[in-house]
Amino acid sequence: MEEKVVCGIIGYIGRQPVLPVLLDGLRRLEYRGYDSAGVALLEDDGLRYVRAVGNLQNLKREAGDASSTATTGLGHTRWATHGGVTVANAHPLAAEEVESLAVVLNGIVENYRELRESLVERGHVFTSETDAETVTHLIEEHYDGDLLEAVRLAYGELEGHFAFVAIHRDHPGQLVGARLQCPMVIGLAEGETFLASNAAAFLRETRDVQFPEDGDVVSIDAAGVAVVRADTGELVERETMTLDWDDEGAEKGGFETFMLKEIYEQPLAVAETIGDRVRKGRLQLEGLGMDDDELRHLRRIVILAAGTAYHAGVAGRYAIEEWARVPVEHDIASEWIYRNPVLDHDTLVIGISQSGETRDTIEAMKLAREMGAHTVAITNMMGSQITREVDSVLYTRCGVEMAVAASKTFTGQLSLLFLVALKLAQVRETLPIEELTFILDALYKLPDKIQ
Ligand code: GLU
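Let me begin by describing the structure that accompanies this report. It should be emphasised that the depicted structure is a prediction, and the values quoted were computed from it without experimental measurement.

Attention now goes to the overall build of the chain. The helix and strand tally for the chain stands at 14 helices and 22 strands. By the compact-globule yardstick of 22 Å for 451 residues, the chain fits well, its C-alpha radius of gyration being 23 Å. Principal-axis analysis of the C-alpha atoms places the extent of the chain at approximately 75 × 50 × 35 Å. Across the 451 residues in the chain, those meeting the buried criterion constitute 58%. Across the chain, every contact between residues at least 6 apart in sequence was considered, and the portion connecting residues at least 24 apart equals 67%. Surface exposure of the chain reaches about 18700 Å², of which carbon and sulfur atoms provide 49%. Within the chain, one finds 42 positive and 74 negative side-chain charges whose respective centroids are separated by 6 Å.

Attention now goes to the site of the ligand. Neighbouring the ligand are 14 residues; Cys7, Arg78, Thr81, Gly107 and Asp131 lie closest to it. Taking glycine 107, its main chain carries an N or O atom lying 2.8 Å from a nitrogen atom of the ligand. At a separation of 2.8 Å, a nitrogen atom of the ligand approaches a polar side-chain atom of aspartate 131. Contact with the protein chains hides 99% of the accessible area of the ligand, taken as 290 Å² for the molecule alone.

Here we take up a nonpolar patch on the surface. There is a patch of nonpolar side chains on the surface, built from Met259, Leu260, Ile263 and Tyr264 and spanning about 360 Å² of accessible area. On the secondary structure map, methionine 259 appears in helix 6 (residues 258-264).

What follows concerns the environment of glutamine 210. Mapped onto the elements of the fold, glutamine 210 is located in strand 11 (residues 208-210). Taking the relative accessible area as the measure of exposure, glutamine 210 reaches 9% and is therefore buried. For the pair glutamine 210 and glutamate 239, spaced 29 residues apart in sequence, the C-alpha to C-alpha distance is 6.2 Å. Among residues more than four places away in sequence, those in contact with glutamine 210 are Val185, Ile186, Leu188, Val225, Val227, Arg238, Glu239 and Thr240. A polar contact of 3.3 Å, which involves the side chain of glutamine 210, links it to the backbone oxygen of arginine 238.

Count 3.6 residues to each turn of an α-helix, and residues three or four apart come out pointing the same way. Here helix 13 (residues 408-428) spans 30 Å end to end across 21 residues, near enough to the 30 Å set by a 1.5 Å rise per residue. The buried fraction of helix 13 is high, at 18 of 21 residues. Looking one or two places after helix 13, you find glutamate 429, whose phi comes out positive at around 55 degrees.

This part covers the packing of aromatic side chains. Centre distance and the angle of the planes are the two values used to describe a pair of aromatic rings. Scanning all chains against the criterion turns up 6 aromatic pairs. What links up through ring pairs into an aromatic cluster is the set Tyr12, Phe194 and Phe202.

Here we come to the packing of helix 9 (residues 307-324) against helix 13. The geometry of helix 9 relative to helix 13 is characterised by a closest axis approach of 9 Å and an angle of 20 degrees between their N-to-C directions. By the criterion of interaxial angle, the relationship of helix 9 to helix 13 is roughly parallel. In terms of crossing hand, the pair formed by helix 9 and helix 13 is right-handed. Across the interface between the two elements, Thr308, Ala309, His311, Ala312, Gly313, Ala315, Gly316, Ala319, Ile320, Trp323 and Ala324 of helix 9 pack against Phe410, Gln413, Leu414, Leu417, Phe418, Ala421, Leu422, Leu424, Ala425 and Arg428 of helix 13. Classifying every residue of the contact of helix 9 with helix 13 by side-chain character gives 15 nonpolar, 5 polar and 1 charged.

Definitions and cut-offs
Numbering of residues begins from 1 in every chain and follows the order in which that chain's sequence is written. Reporting of local features is limited, given that this is a predicted model, to residues whose pLDDT is at least 70; pairs of side-chain atoms are given and counted only at 80 or more, and all residues count toward the totals for whole chains, interfaces and linings. Where side-chain values are given, they derive from all heavy atoms of the structure, hydrogens and water being excluded. The way it works is that DSSP assigns letters per residue, a run of H or I at least four long becomes a helix, a run of E at least two long becomes a strand, and they are numbered from the N terminus. C-alpha atoms define the radius of gyration in this analysis, and the globule rule sets the expected value at 2.2 Å times the number of residues to the power 0.38. When accessible area is computed with a 1.4 Å probe and restricted to protein chains, residues below 20% of their type maximum are described as buried, those above 50% as exposed, and intermediate ones as partly exposed. For this analysis, residues touch if any pair of their heavy atoms sits within 4.5 Å. Using a 1.4 Å probe, accessible areas were evaluated by the Shrake-Rupley method; residue-level cover was limited to the displayed protein chains. Only four residue types enter the tally: Lys and Arg on the positive side, Asp and Glu on the negative side, with His and both chain ends excluded. All charge positions are set by atom: Lys at NZ, Arg at CZ, Asp at CG, Glu at CD. We define proximity as follows: a residue is near a molecule or strand when any one of its heavy atoms falls within 4 Å of that partner. Within 3.5 Å is the distance limit for a polar contact, defined as a pair of N or O atoms, with the added protein rule that one can donate a hydrogen and the other accept it, and that residues adjacent in sequence qualify only through two side-chain atoms. Each patch groups residues whose relative accessible area exceeds 30% and which form no salt bridge, using 9 Å between like charges and 5 Å between nonpolar side chains of Val, Leu, Ile, Met, Phe, Trp and Tyr. Counted as salt bridges are all cases of a side-chain nitrogen of Lys or Arg within 4 Å of a carboxyl oxygen of Asp or Glu. The length a helix should cover is 1.5 Å for every residue beyond the first. Note on aromatic contacts: the rings of Phe and Tyr and the six-membered ring of Trp form a pair at centre separations within 6.5 Å, being stacked when their planes are under 30 degrees apart, edge-to-face when over 60 apart, and tilted otherwise. A fitted line through C-alpha atoms serves as each axis, taken over the contacting stretch for helices, and the angle formed by two N-to-C directions is quoted from 0 to 180°. Any angle that falls under 35 degrees is termed roughly parallel, while one over 145 is termed roughly antiparallel, one within 65 to 115 roughly perpendicular, and all others oblique. Left-handed describes a crossing in which the near helix is turned anticlockwise from the far one by less than a right angle; the clockwise case is right-handed. Any residue that is not Ala, Val, Leu, Ile, Met, Phe, Trp, Tyr, Cys, Pro, Asp, Glu, Lys or Arg is counted as polar, Gly included; the first ten are nonpolar and the last four charged.

Here it is as C-alpha cells:
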C-alpha cells in the first residue's frame, strides 16, 4: 500500500475568508475518497463547526450561505476506521467544552482504548466513537494557556500512525499540528499559511513548502511556521523548498478521471525525468551519490518497494543485469525486513516509493543503511520521509499524481532505473559504446514514441 490513510486535512490562516479556502482545499483532496467531512471556523465569538456525512455537496449545503468572516479554520475529509459514519464521528472533534478546542486527524491512534479509559476515569465525556477524539481530550487536559505546549505533551502519549491539527478558541490566528508516519506539509505564502495532508490542497496559492518530520510539533500563524521537537521542546528549523509541480496537476483538465489524464501525461513524465540527465551521450546521475570508483566496485544491487513501485523494480532488474552485469535482487519491502537480510558495503540498495511515505519501504531503507549498504531512494515527492532516511535521492519528475492507481510515476520510475543501468554499464564498460549510445538515443526519443 502506498499510504495508510486516504483522507484529507487542510488548515488555513491568512486574510481570505477561510470557508471557501477550506472547501476548495477539501475538493482538491476529494480524489482520495472519504465518507464524511467537516470544518471548524474561528469566528469572532468562538469556534463554529459544520459537519456532514457523505460528499462535499452535503457539507456545503450544511454550511449554507451564512456569511463567515473567519480567516482561521480547519477542514477534514474522513475515512472512518474507528466508529461508524455519522455526523457525531465526523471531524473536527471538539472537547467537552464544545466551543473551546477541536482536532482533525488522519490515520489511527493505536493506543486509543487505554487512553480513552483513563480519560473517562478522569471525568472526560466523549461525544464520538472515534480513536481521534482521545487527542482532543489529551490536549485539553494538558492545556493551560499554551496550545503548542499542550499539543507537544499530548503527542508524547500517543502511539500509532497519524497526522493531526488542533484549533483553539482562545488562539485566533494559530493552528498547531503534529505527525507520526503520516504525511503533513506546510504551505507558505505572503501573509497566509496553509497546513495540509497533501500539497495538492493549496497548490494554487503557493508552492513554497516545508515538510515537518515525525516528532515535530508545528505551530502556524499568518506570518509562517515555528517547529519544536515533541520530546525536548527544542526549537528547530526545517528547510523551505519550492515544489516544481504546477497547479494543473491537481485539476482534471477536461479528462473524465485523473487516471486517464495521468496516462496521457506519461510522455511528459518520461521526458522530464530523463531531461538533462542525458547530455551529449553522457549520463549525469549525481542523485546516485556514488563516484565512478564506487560504482565500479559495486557487487550487488537490492531493490525494495511495495505495490506498483515493486513492479517497476522487477522490470528494472532486467535492464540492470542485462546492461551492467550486476546481480540484482528485488523484494517486497515488508518481506525483506522480516527475513534477517544479508547485506554489506558493496551493495547498493534502491528503495522506490512514489509518495516517499510508504512505511515498509522507509523501514527497509533505514535497516539497509544501518547495515552499511549505500542507500538510494527513487521518489516523486520532494522532502518526503524516505528522502531523509537514505544516503541519496533520485527524483522522478512526474508532477502530482492524483489517481491512487499509479501510471505516469511507474513509467517515470522505470525510466530512472534504465538510467541507473546505463550509468553502471558506462562506468563498468559492460556495453560497447555504440550500443550504449544507441540505447541512450532511444531513451531520448521515448517520449515521442509514447506520444
Ligand atoms: N481514525 C480516525 C477516525 O476513524 C480518522 C480516520 C481518517 O479519516 O484517517 O475517525
